[in-house]
Amino acid sequence: MMELTVNRSTKDRCPRCAQGGILSDTTTGENFCDKCGFVLSDKAAASGPEWRSFSKDDGTDRARAGTPTSLAMHDMGLATVIGHTDKDATGKPLSASMRSTIERLRTWDNRTQVHEPIDRNYRQAFSELDRLKDKLAVGDAVIEKAAYIYRKALEKGLVRGRSISALIASALYAACRDTQTPRTLKDIGIASNVKRKDITRCYRLLLLELGLKMPVVDPVNCIARIASKTGLSEKTKRDATKILKTAEESKISSGKDPMGLAAAALYVACVANGENKTQRDVAEAAGVTEVTIRNRYKGLKVSLDL
DNA sequence: TAAGATAAGAGGGACAT
DNA sequence: ATGTCAGTCTTATCTTA
(Lines give C-alpha, C1' and ligand atoms only; values in the text may rest on other atoms or scores of the structure.)
Protein backbone atom coordinates (compact mmCIF):
# COMPACT_ATOMS: atom_id res chain seq x y z
CA MET A 1 0.00 0.00 0.00
CA MET A 2 1.41 3.34 -0.99
CA GLU A 3 0.93 6.01 1.60
CA LEU A 4 0.54 9.44 0.22
CA THR A 5 0.37 12.23 2.69
CA VAL A 6 -1.08 15.37 1.27
CA ASN A 7 0.89 18.34 2.30
CA ARG A 8 -1.91 20.87 2.40
CA SER A 9 -0.35 22.98 5.07
CA THR A 10 1.90 24.62 2.58
CA LYS A 11 -0.20 26.29 -0.04
CA ASP A 12 2.53 25.82 -2.56
CA ARG A 13 1.78 25.74 -6.23
CA CYS A 14 3.80 23.75 -8.65
CA PRO A 15 6.53 25.97 -10.10
CA ARG A 16 6.26 24.30 -13.46
CA CYS A 17 2.58 24.05 -14.30
CA ALA A 18 1.37 26.44 -11.58
CA GLN A 19 -1.80 24.42 -11.21
CA GLY A 20 -1.14 21.37 -9.10
CA GLY A 21 -0.51 21.28 -5.39
CA ILE A 22 2.60 19.82 -3.87
CA LEU A 23 2.30 16.35 -2.43
CA SER A 24 4.95 14.50 -0.55
CA ASP A 25 5.57 10.82 -0.89
CA THR A 26 6.40 9.26 2.44
CA THR A 27 8.19 6.28 0.99
CA THR A 28 10.66 8.18 -1.11
CA GLY A 29 10.72 11.53 0.61
CA GLU A 30 10.06 13.23 -2.66
CA ASN A 31 7.87 16.25 -3.08
CA PHE A 32 6.05 16.38 -6.32
CA CYS A 33 3.21 18.11 -8.14
CA ASP A 34 -0.08 16.21 -8.20
CA LYS A 35 -0.91 17.58 -11.63
CA CYS A 36 2.18 17.30 -13.74
CA GLY A 37 4.39 15.14 -11.58
CA PHE A 38 7.20 17.66 -11.37
CA VAL A 39 9.58 16.61 -8.63
CA LEU A 40 10.87 19.34 -6.39
CA SER A 41 14.17 19.41 -4.71
CA ASP A 42 13.83 19.50 -0.96
CA LYS A 43 16.58 22.05 -0.71
CA ALA A 44 14.35 24.90 0.33
CA ALA A 45 12.77 23.02 3.20
CA ALA A 46 16.08 21.78 4.51
CA SER A 47 18.14 24.91 4.42
CA GLY A 48 18.72 26.23 7.87
CA PRO A 49 20.82 29.04 9.18
CA GLU A 50 24.36 29.28 7.98
CA TRP A 51 26.50 26.73 9.62
CA ARG A 52 29.00 29.24 10.81
CA SER A 53 27.36 32.31 12.14
CA PHE A 54 30.40 34.38 12.91
CA SER A 55 30.10 37.45 10.83
CA LYS A 56 33.04 39.60 9.94
CA ASP A 57 31.70 42.96 10.99
CA ASP A 58 30.19 42.38 14.39
CA GLY A 59 29.82 39.62 16.91
CA THR A 60 26.49 40.62 18.29
CA ASP A 61 24.16 38.21 16.57
CA ARG A 62 24.38 35.51 19.18
CA ALA A 63 20.79 34.54 18.56
CA ARG A 64 21.70 32.13 15.83
CA ALA A 65 21.40 28.54 16.88
CA GLY A 66 23.30 26.92 14.03
CA THR A 67 22.52 23.56 12.48
CA PRO A 68 22.81 20.22 14.20
CA THR A 69 26.05 18.37 13.64
CA SER A 70 26.25 16.57 10.37
CA LEU A 71 28.44 13.83 9.04
CA ALA A 72 28.20 15.46 5.67
CA MET A 73 30.49 18.28 6.69
CA HIS A 74 34.19 17.94 6.62
CA ASP A 75 34.46 18.74 10.34
CA MET A 76 30.97 17.48 11.18
CA GLY A 77 29.97 21.07 11.79
CA LEU A 78 31.78 21.09 15.09
CA ALA A 79 34.74 23.29 14.33
CA THR A 80 35.73 25.97 16.76
CA VAL A 81 36.81 29.09 14.97
CA ILE A 82 38.35 32.19 16.37
CA GLY A 83 36.03 35.08 15.77
CA HIS A 84 36.84 38.43 14.24
CA THR A 85 35.72 40.78 16.95
CA ASP A 86 39.09 41.49 18.58
CA LYS A 87 37.45 41.79 21.94
CA ASP A 88 38.02 39.78 25.04
CA ALA A 89 35.40 37.86 26.96
CA THR A 90 34.17 40.96 28.74
CA GLY A 91 33.84 42.91 25.54
CA LYS A 92 36.85 45.14 26.03
CA PRO A 93 39.12 45.72 23.04
CA LEU A 94 42.30 43.68 22.95
CA SER A 95 45.70 45.20 23.43
CA ALA A 96 47.81 45.66 20.34
CA SER A 97 50.20 42.81 21.13
CA MET A 98 47.37 40.45 21.99
CA ARG A 99 45.64 41.38 18.82
CA SER A 100 48.59 40.37 16.69
CA THR A 101 48.88 37.13 18.63
CA ILE A 102 45.24 36.34 18.00
CA GLU A 103 45.67 37.29 14.39
CA ARG A 104 48.46 34.78 14.05
CA LEU A 105 46.43 32.10 15.82
CA ARG A 106 43.58 32.80 13.51
CA THR A 107 45.78 32.22 10.54
CA TRP A 108 46.92 28.86 11.79
CA ASP A 109 43.44 27.94 12.91
CA ASN A 110 42.31 28.42 9.36
CA ARG A 111 45.19 26.55 7.86
CA THR A 112 44.76 23.48 10.00
CA GLN A 113 41.11 23.36 9.25
CA VAL A 114 41.13 23.67 5.54
CA HIS A 115 44.46 22.50 4.35
CA GLU A 116 44.91 19.09 5.84
CA PRO A 117 44.68 16.61 2.99
CA ILE A 118 42.00 14.54 4.68
CA ASP A 119 39.87 17.58 5.26
CA ARG A 120 40.37 18.72 1.73
CA ASN A 121 39.19 15.35 0.55
CA TYR A 122 36.10 15.54 2.72
CA ARG A 123 35.36 19.04 1.58
CA GLN A 124 35.51 18.10 -2.05
CA ALA A 125 33.52 14.94 -1.54
CA PHE A 126 30.81 16.57 0.49
CA SER A 127 30.37 19.51 -1.80
CA GLU A 128 29.90 16.96 -4.54
CA LEU A 129 27.44 15.15 -2.29
CA ASP A 130 25.52 18.34 -1.76
CA ARG A 131 25.29 18.82 -5.50
CA LEU A 132 23.98 15.29 -5.95
CA LYS A 133 21.45 15.85 -3.20
CA ASP A 134 19.91 18.68 -5.17
CA LYS A 135 19.96 16.83 -8.44
CA LEU A 136 18.46 13.63 -7.12
CA ALA A 137 16.13 15.18 -4.56
CA VAL A 138 16.97 12.72 -1.82
CA GLY A 139 16.38 13.33 1.85
CA ASP A 140 18.85 14.33 4.53
CA ALA A 141 18.89 10.88 6.09
CA VAL A 142 20.23 9.41 2.87
CA ILE A 143 22.90 12.08 2.65
CA GLU A 144 24.01 11.43 6.22
CA LYS A 145 24.23 7.75 5.46
CA ALA A 146 26.23 8.36 2.33
CA ALA A 147 28.60 10.60 4.24
CA TYR A 148 29.01 7.95 6.90
CA ILE A 149 29.84 5.32 4.32
CA TYR A 150 32.28 7.64 2.62
CA ARG A 151 34.08 8.33 5.88
CA LYS A 152 34.40 4.62 6.49
CA ALA A 153 35.77 4.13 3.01
CA LEU A 154 38.30 6.88 3.46
CA GLU A 155 39.43 5.44 6.79
CA LYS A 156 40.08 2.18 5.05
CA GLY A 157 42.08 3.91 2.39
CA LEU A 158 39.79 2.90 -0.44
CA VAL A 159 40.05 6.22 -2.20
CA ARG A 160 43.57 5.69 -3.35
CA GLY A 161 43.59 5.26 -7.07
CA ARG A 162 39.92 6.04 -7.41
CA SER A 163 38.19 9.26 -8.15
CA ILE A 164 36.38 11.05 -5.37
CA SER A 165 33.30 11.54 -7.48
CA ALA A 166 33.03 7.84 -8.24
CA LEU A 167 33.43 6.98 -4.58
CA ILE A 168 30.92 9.50 -3.33
CA ALA A 169 28.47 8.48 -6.04
CA SER A 170 28.64 4.85 -5.05
CA ALA A 171 28.43 5.74 -1.37
CA LEU A 172 25.26 7.62 -2.18
CA TYR A 173 23.93 4.70 -4.14
CA ALA A 174 24.64 2.41 -1.21
CA ALA A 175 22.85 4.83 1.09
CA CYS A 176 19.86 4.85 -1.23
CA ARG A 177 19.73 1.09 -1.26
CA ASP A 178 20.05 0.92 2.48
CA THR A 179 17.26 3.40 3.12
CA GLN A 180 14.98 1.88 0.49
CA THR A 181 15.09 5.05 -1.53
CA PRO A 182 14.51 4.03 -5.12
CA ARG A 183 17.30 5.57 -7.15
CA THR A 184 18.86 3.64 -9.95
CA LEU A 185 22.49 3.45 -10.87
CA LYS A 186 21.51 5.31 -13.98
CA ASP A 187 20.01 8.20 -12.05
CA ILE A 188 23.13 8.60 -9.99
CA GLY A 189 25.35 8.12 -12.99
CA ILE A 190 23.66 10.95 -14.82
CA ALA A 191 23.61 13.25 -11.82
CA SER A 192 27.23 12.66 -10.92
CA ASN A 193 28.62 12.44 -14.40
CA VAL A 194 30.31 9.17 -13.51
CA LYS A 195 29.99 6.17 -15.75
CA ARG A 196 27.64 3.51 -14.51
CA LYS A 197 30.37 0.94 -14.75
CA ASP A 198 32.64 2.87 -12.42
CA ILE A 199 29.92 3.34 -9.88
CA THR A 200 29.08 -0.33 -9.79
CA ARG A 201 32.72 -1.22 -9.37
CA CYS A 202 33.11 1.13 -6.44
CA TYR A 203 29.81 0.06 -5.01
CA ARG A 204 30.82 -3.57 -4.98
CA LEU A 205 34.09 -2.61 -3.44
CA LEU A 206 32.29 -0.78 -0.68
CA LEU A 207 30.08 -3.75 0.05
CA LEU A 208 33.06 -6.03 0.13
CA GLU A 209 35.43 -3.92 2.16
CA LEU A 210 32.97 -2.48 4.61
CA GLY A 211 30.96 -5.65 4.97
CA LEU A 212 27.72 -3.85 4.20
CA LYS A 213 24.53 -5.78 3.86
CA MET A 214 21.99 -4.29 1.50
CA PRO A 215 18.32 -5.14 1.47
CA VAL A 216 16.91 -6.10 -1.89
CA VAL A 217 14.96 -3.19 -3.27
CA ASP A 218 11.25 -3.71 -3.16
CA PRO A 219 9.70 -3.05 -6.56
CA VAL A 220 6.66 -1.65 -4.78
CA ASN A 221 8.75 1.31 -3.72
CA CYS A 222 9.55 2.01 -7.34
CA ILE A 223 5.93 2.32 -8.33
CA ALA A 224 5.34 5.64 -6.62
CA ARG A 225 8.36 7.11 -8.31
CA ILE A 226 7.44 6.01 -11.80
CA ALA A 227 3.79 6.89 -11.34
CA SER A 228 4.56 10.39 -10.17
CA LYS A 229 6.85 10.93 -13.14
CA THR A 230 4.18 9.88 -15.62
CA GLY A 231 1.24 11.40 -13.77
CA LEU A 232 -0.78 8.27 -13.22
CA SER A 233 -3.84 7.97 -11.02
CA GLU A 234 -3.95 6.60 -7.52
CA LYS A 235 -6.08 3.70 -8.63
CA THR A 236 -3.59 2.62 -11.23
CA LYS A 237 -0.89 2.75 -8.62
CA ARG A 238 -2.87 0.57 -6.26
CA ASP A 239 -3.64 -1.91 -9.00
CA ALA A 240 -0.01 -2.10 -9.98
CA THR A 241 0.92 -2.77 -6.38
CA LYS A 242 -1.57 -5.60 -6.24
CA ILE A 243 -0.21 -7.05 -9.44
CA LEU A 244 3.29 -6.96 -8.03
CA LYS A 245 2.18 -8.73 -4.87
CA THR A 246 0.75 -11.66 -6.79
CA ALA A 247 3.79 -11.70 -9.02
CA GLU A 248 6.06 -11.99 -6.01
CA GLU A 249 4.06 -14.89 -4.69
CA SER A 250 4.49 -16.77 -7.92
CA LYS A 251 8.23 -16.13 -7.55
CA ILE A 252 8.78 -14.78 -11.03
CA SER A 253 10.22 -11.63 -9.59
CA SER A 254 13.46 -12.95 -8.15
CA GLY A 255 16.57 -11.79 -9.86
CA LYS A 256 14.79 -9.27 -12.01
CA ASP A 257 15.40 -5.58 -12.17
CA PRO A 258 12.88 -4.10 -9.70
CA MET A 259 12.40 -1.02 -11.84
CA GLY A 260 11.54 -3.13 -14.86
CA LEU A 261 9.15 -5.17 -12.79
CA ALA A 262 7.43 -2.13 -11.35
CA ALA A 263 7.23 -0.54 -14.79
CA ALA A 264 5.62 -3.62 -16.30
CA ALA A 265 3.09 -3.84 -13.47
CA LEU A 266 2.24 -0.20 -13.94
CA TYR A 267 1.82 -0.70 -17.64
CA VAL A 268 -0.57 -3.58 -17.08
CA ALA A 269 -2.52 -1.48 -14.61
CA CYS A 270 -2.62 1.34 -17.16
CA VAL A 271 -4.14 -0.84 -19.80
CA ALA A 272 -6.63 -2.28 -17.33
CA ASN A 273 -7.71 1.20 -16.28
CA GLY A 274 -7.79 2.60 -19.76
CA GLU A 275 -5.10 5.18 -19.08
CA ASN A 276 -3.45 6.18 -22.29
CA LYS A 277 0.18 5.57 -21.60
CA THR A 278 2.42 3.85 -24.07
CA GLN A 279 5.12 1.39 -23.17
CA ARG A 280 7.57 4.05 -24.13
CA ASP A 281 6.16 6.54 -21.62
CA VAL A 282 6.38 4.10 -18.76
CA ALA A 283 9.74 2.78 -19.85
CA GLU A 284 11.21 6.24 -20.02
CA ALA A 285 9.97 7.18 -16.58
CA ALA A 286 11.33 3.98 -15.10
CA GLY A 287 14.68 4.27 -16.81
CA VAL A 288 14.38 0.89 -18.54
CA THR A 289 13.76 -0.02 -22.16
CA GLU A 290 10.50 -1.02 -23.75
CA VAL A 291 11.87 -4.46 -24.40
CA THR A 292 12.41 -5.01 -20.71
CA ILE A 293 8.85 -4.02 -20.01
CA ARG A 294 7.64 -6.46 -22.64
CA ASN A 295 9.68 -9.27 -21.17
CA ARG A 296 8.40 -8.64 -17.66
CA TYR A 297 4.95 -8.17 -19.11
CA LYS A 298 5.11 -11.66 -20.53
CA GLY A 299 6.01 -13.12 -17.16
CA LEU A 300 3.30 -11.12 -15.48
CA LYS A 301 0.72 -12.42 -17.90
CA VAL A 302 1.61 -15.97 -16.96
CA SER A 303 1.30 -15.33 -13.26
CA LEU A 304 -2.00 -13.52 -13.65
CA ASP A 305 -3.60 -15.88 -16.15
CA LEU A 306 -4.39 -13.25 -18.74
C1' DT B 1 2.35 5.05 -34.77
C1' DA B 2 2.45 1.67 -31.06
C1' DA B 3 3.55 -2.87 -30.11
C1' DG B 4 5.88 -7.27 -30.80
C1' DA B 5 9.93 -10.05 -32.40
C1' DT B 6 14.68 -11.08 -33.07
C1' DA B 7 19.61 -10.74 -32.76
C1' DA B 8 24.00 -9.03 -31.17
C1' DG B 9 26.54 -7.38 -27.33
C1' DA B 10 27.85 -6.02 -22.46
C1' DG B 11 28.52 -6.89 -17.64
C1' DG B 12 28.54 -9.70 -13.73
C1' DG B 13 27.62 -14.08 -10.73
C1' DA B 14 28.45 -19.05 -10.18
C1' DC B 15 31.31 -22.60 -10.85
C1' DA B 16 35.23 -25.35 -12.35
C1' DT B 17 39.95 -25.65 -13.51
C1' DA C 1 43.76 -16.47 -10.62
C1' DT C 2 41.43 -17.42 -15.04
C1' DG C 3 37.94 -19.23 -18.20
C1' DT C 4 33.37 -20.79 -19.25
C1' DC C 5 28.39 -20.84 -18.89
C1' DA C 6 23.59 -19.48 -18.15
C1' DG C 7 20.80 -15.73 -17.44
C1' DT C 8 19.59 -10.69 -17.68
C1' DC C 9 19.25 -6.33 -19.75
C1' DT C 10 20.20 -2.97 -23.56
C1' DT C 11 20.45 -1.39 -28.19
C1' DA C 12 19.20 -1.69 -32.82
C1' DT C 13 16.40 -3.14 -36.58
C1' DC C 14 12.53 -5.17 -38.77
C1' DT C 15 7.70 -6.59 -38.93
C1' DT C 16 2.82 -6.33 -37.78
C1' DA C 17 -1.69 -4.33 -36.80
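Residues numbered from 1 in each chain as written. Chains lettered and ligands numbered in written order. Predicted model: local features only at pLDDT ≥ 70, side-chain atom pairs only at ≥ 80, totals over all residues. Heavy atoms only, no water.

The name that an unreviewed UniProt entry assigns to chain A is Transcription initiation factor IIB, with the source organism given as Geodia barretti. Of chain A, the UniProt comment under Sequence similarities (unreviewed entry) reads exactly: "Belongs to the TFIIB family." (UniProt positions renumbered as here; feature names shortened; annotations may be inferred.)

Brief notes about the overall build of chain A
Within chain A, the regular secondary structure consists of 12 helices and 4 strands. Residue burial in chain A is summarised as follows: out of 306 residues, 40% are buried. Summarising the internal contacts of chain A: among those between residues at least 6 apart in sequence, 62% fall at separations of at least 24. By element, 52% of the accessible surface of chain A is carried by carbon and sulfur atoms, the whole surface being about 17,200 Å². (Helix = DSSP H or I, 4+ residues; strand = E, 2+ residues; numbered from the N terminus. Buried < 20%, exposed > 50% of the residue type's maximum accessible area, 1.4 Å probe, protein only. Contact = heavy atoms within 4.5 Å. Areas by Shrake-Rupley, 256 points an atom, 1.4 Å probe, with all protein chains shown as cover.)

Section: the protein's contact with DNA strand B
Close contacts around DNA strand B come from Lys-197, Thr-200, Arg-204, Tyr-267, Thr-278, Gln-279 and Arg-294, and that covers them all. Atoms of DNA strand B within 4 Å of the protein belong to the sugar or the phosphate in 85% of instances, the rest to bases. Between a phosphate oxygen of DNA strand B and a side-chain N or O atom of Thr-200, the distance comes to 3.2 Å. Between DNA strand B and the protein, one listed contact pairs a base nitrogen with a side-chain N or O atom of Arg-294 at 3.4 Å. (Near = heavy atom within 4 Å. Polar contact = N/O pair within 3.5 Å; in protein donor to acceptor, adjacent residues only side chain to side chain.)

With respect to helix α5 (residues 164-178)
One turn of an α-helix holds 3.6 residues; hence residues three or four places apart share an orientation. Its 15 residues give α5 an end-to-end C-alpha distance of 21 Å, which sits within 8% of 21 Å, the value for a rise of 1.5 Å per residue. A large share of α5 lies buried, amounting to 13 of its 15 residues. (Expected span 1.5 Å × (residues − 1).)

Quick look at the pattern of salt bridges
As enumerated under the stated definition, the model contains 9 salt bridges in all. Residues Asp-140 and Lys-133 are paired through a salt bridge, measuring 2.8 Å at the closest nitrogen-oxygen approach. Among the salt bridges present, the one from Asp-239 reaches Lys-235, with a minimum N-O distance of 3.2 Å. Highlighted residues: Asp-239 and Lys-235, both in helix α9 (residues 234-249), separated by 4 residues, approximately one helical turn. Three or more residues joined by partner-sharing salt bridges are found here, namely Lys-235, Asp-239 and Lys-242. (Salt bridge = Lys/Arg side-chain N within 4 Å of Asp/Glu carboxyl O.)

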